Amino acid sequence: MIGLPASTRIWLVAGTTDMRRGFDGLAAQVQQALDADPFSGHVFVFRGRRGDRIKVLWWSGDGLCLFMKRRSNCIEMLQGRKDHTSCDSALASA
């Protein structure tokens with residue numbers, strides 16, 4: 001469990017993000033698209049195109065942390081569908 005200060009904001013980045021991006025690419029996206037400082041201690045959450053992955057970028061005070069989460073049951077639901085638009089639509093119809 002990671003303890004965050006009470007003043008920490010959680011930013012949900014609108015749209016989709018190329019999940020191949022790493023520390024530098026996501027930090028640049030925070031600076032350019034959000035006009036925010038990735039080293040502020042706030043948490044930035046990025047969503048993948050299919051909706052089955054998110055990446056979380058956070059400055060811990062002594063370095064950037066990058067976390068990734070993949071919903072595995074989403075892939076199984078999408079495999080049988082013709083419209084592979086998003087994981088959310090597959091979950092809603094299941």
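Below, the structure is looked at part by part.

Quick notes on the rules
- Residues numbered from 1 in each chain as written.
- Predicted model: local features only at pLDDT ≥ 70, side-chain atom pairs only at ≥ 80, totals over all residues.
- Heavy atoms only, no water.
- Helix = DSSP H or I, 4+ residues; strand = E, 2+ residues; numbered from the N terminus.
- Buried < 20%, exposed > 50% of the residue type's maximum accessible area, 1.4 Å probe, protein only.
- Contact = heavy atoms within 4.5 Å.
- Pairing = 2+ DSSP bridges.
- Axes fitted to C-alpha atoms, helices over the stretch in contact; angles between N-to-C directions.

### Structural notes on the environment of Thr16
- Here Thr16 lies in the loop between strand S1 (10-12) and helix H1 (23-33).
- A residue is classified by how much of its surface remains accessible, and Thr16, at 47% relative accessible area, is partly exposed.
- Through-space distance from the C-alpha of Thr16 to that of Gly48 is 5.3 Å; in sequence the pair is 32 residues apart.
- Discounting chain neighbours no more than four positions away, the residues touching Thr16 are Arg47, Gly48 and Arg49.

### What to know about the sheet that holds strand S3 (residues 53-59)
- The mixed open sheet is built from four strands, whose spatial order is S1-S2-S3-S4. One side of each edge strand has no neighbouring strand; the edge strands of this open sheet are S1 and strand S4 (64-70). For this sheet, the mean inter-axis angle between neighbouring strands, taken without regard to orientation, is 20°.

Take it as geometry only, folks, not as evidence of what the structure does.
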